[in-house]
Amino acid sequence: MAGSRHRGTQSREWSLFWALLLSLGHFVGGDSVGGDPASAGAPGTPATLPHRRFEYKYSFKGPHLVQSDGTVPFWAHAGNAIPSSDQIRIAPSLKSQRGSVWTKTKAAFENWEIEVTFRVTGRGRIGADGLAIWYTENLGLEGPVFGSADMWNGVGIFFDSFDNDGKKNNPAIVIVGNNGQFHYDHQNDGANQALASCQRDFRNKPYPVRTKVIYYQKTLTVMINNGFTPDKNDYEFCAKVENMIVPTQGHFGISAATGGLADDHDVLSFLTFQLTEPGKEPPTPDKEISEKEKEKYQEEFEHFQQELDKKKEEFQKGHPDLQGQPAEDIFESVGDRELRQIFEGQNRIHLEIKQLNRQLDMILDEQRKYVSSLTDEISKRGAGIPGQQGQISQQELDMVANTQQEILRQVNEMKNSMSETVRLVSGLQHPGSAGGVYETTQHFSDIKEHLHVVKRDLESLVQRNAPSNERPKCPELPQFPSCLSTLHFVIFVVVQTVLFIGYIMYRTQQEAAAKKFF
């Protein structure tokens, strides 16, 4: 049993080492092939996809989100909600704030889908309270449940930031249904009332978080895009509730609240689609909008277009040096462009890791077979049992020992490079970024510890291969091919360090600018 347990431990450590070398070498020297983002969220198979129709009266999206009087077309906001041109701040990062936005008219869709893009940002490691997406029979403009009314009739999808029950299961996404008969158990995070849930961290992400809520054939499905990549279709499954009964007519809404801790809860877009089952005739727009309303909206659009052209002319007259330049060049600074490129690089790393995970199982199986065979042969030779015909020869064992010595030399070079990097990162001092430097140093310290474990195990395996009286002289072998050179690894470590520091500086500047708004 002891020998078996030792071989199992050795196999796992070999697997960890080869996976580390493969991922680093493939990223630096290989072609980056990103995984196909799953287009999850579309109910049914491609042959039975429902018809999607965009419903503008139940949606909003920037830019030019608000009108001149500060209202959002077809929507009503209440509490501390602050609409702006490109987003709606549902609840600012101040203590005990509540806000919400709701559709003015009820929707009568049998099947529907909503896509919400939002940001939840705050200075602290822990935020509060959270954000909620609603479909209810009545408006819940203000109340104690994430800024909305309690005892609702419908369904709420809660993005709960704070761990009220102390079970360390937050941030989480929770689906709670109600028929208007019971109160929400806020102290226990609705644990006994949740129909389904999943744990996802949606705070302080480099890109906006996206969620997709689909109600189709009495099944409610929630998909989440965690905001690590700019890919809008990179959704993953969160939760599903079957046989879900919701009101035939209801209001869509989104609310947020803060408590003793506070985050900024910003909603960038809320898009609603009506779903029609295959074989059924989709509704036509002419049945829901009259000619009079069309003429009214056309006049408003033309008036808005004239005002926009007039403001463009005034801006060009006041800034003659900017004439002829694209708008994105005017408003995007060099620092913003560099940060965007950094985030795109992080996205490529993320896609490469996803591609690597799909191949990792096959690599681990082959590695386990190889290490198990080698360990059995070494045990037989150490016990004086002659090897049977067809097993590993002494020359092959010597070749493995020589290869291990070459790997050990490369590990020492990697260890020295990491030690120097950790020393440099530990000496960095930047206002407001102490937490980020600590996390960076801890990250490199963990890698350094793993390398020490791999080095110790390699040394013990080489010593077991050699006789007790002397170490054999290994034959000359062709040069061991290396997937990762020292230069490439140093470049990779420097790039990662710059990415960490750049993101910390960017987040500090953005939060400072956001605070000035209030």
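Residues numbered from 1 in each chain as written. Predicted model: local features only at pLDDT ≥ 70, side-chain atom pairs only at ≥ 80, totals over all residues. Heavy atoms only, no water.

**Some thoughts on the sheet that holds strand S9 (residues 153-160)**
Pairing in this open sheet of seven strands is antiparallel, and the strands run S3-S6-S15-S8-S9-S10-S11 from one edge to the other. The two strands at the open ends of the sheet, each matched to only one other strand, are strand S3 (75-79) and strand S11 (194-198). When the angles between neighbouring strand axes are averaged without regard to direction, this sheet yields 15 degrees. Relative to S11, strand S10 (residues 172-179) is paired through four bridges, and the arrangement is antiparallel. Looking at the pairing, Val 176 lines up with Ala 194 of S11. (Pairing = 2+ DSSP bridges. Helix = DSSP H or I, 4+ residues; strand = E, 2+ residues; numbered from the N terminus. Axes fitted to C-alpha atoms, helices over the stretch in contact; angles between N-to-C directions.)

**What about the state of the cysteines?**
Scanning the entire structure with this criterion turns up one disulfide. Here Cys 198 is linked by a disulfide to Cys 238, with a sulfur-sulfur distance of 1.8 Å. Between Cys 198 and Cys 238, the S-S dihedral sits near -85 degrees, and the bridge is therefore left-handed. Residue Cys 198 is located in strand S11, and its partner Cys 238 is located in strand S14 (residues 236-242); the two are separated by 40 residues in the primary sequence. In this structure, Cys 198 and Cys 238 share a single accessibility class: buried. (Disulfide = S-S within 2.5 Å. Buried < 20%, exposed > 50% of the residue type's maximum accessible area, 1.4 Å probe, protein only.)

**Looking at the pattern of salt bridges**
As enumerated under the stated definition, the model contains 14 salt bridges in all. With a shortest N-O distance of 2.8 Å, Asp 263 and Arg 203 are connected by a salt bridge. Placement of the pair is Asp 263 in the loop between strand S15 (251-257) and strand S16 (264-276) and Arg 203 in the loop between S11 and strand S12 (209-216), with a sequence separation of 60 residues. By the burial criterion, Asp 263 is buried, and Arg 203 matches it. (Salt bridge = Lys/Arg side-chain N within 4 Å of Asp/Glu carboxyl O.)

**Description of the confidence of the model for the protein chain**
Here the protein chain averages 76 in pLDDT, and 64% of its residues register 70 or above. Below a pLDDT of 50 lies the segment residues 1-42, which in the model reaches 67 contacts outside its immediate sequence neighbourhood of four places, other chains included. In the predicted structure, residues 428-437 sits below a pLDDT of 50 and forms nine contacts with residues beyond four places in sequence or in another chain. (pLDDT = per-residue confidence, 0-100. Contact = heavy atoms within 4.5 Å.)

**Thoughts on unusual backbone geometry**
For the bond running from Gly 62 to Pro 63, omega is 0 degrees, close enough to zero to count as cis. Position of Pro 63 among the secondary structure elements: in the loop between strand S2 (60-61) and S3. Cis geometry is adopted by the peptide bond preceding Pro 171, which originates at Asn 170 and carries an omega value of 0 degrees. If you trace the backbone, Pro 171 turns up in the loop between S9 and S10. Positive phi is not limited to glycine here, since Lys 168 has a value of about 55 degrees. Inspection of the secondary structure puts Lys 168 in the loop between S9 and S10. Judged by its relative accessible area of 76%, Lys 168 is exposed. Its identity as a non-glycine residue notwithstanding, Gln 217 has a phi of 55 degrees, on the positive side. Residue position: Gln 217 is located in the loop between S12 and strand S13 (219-225).

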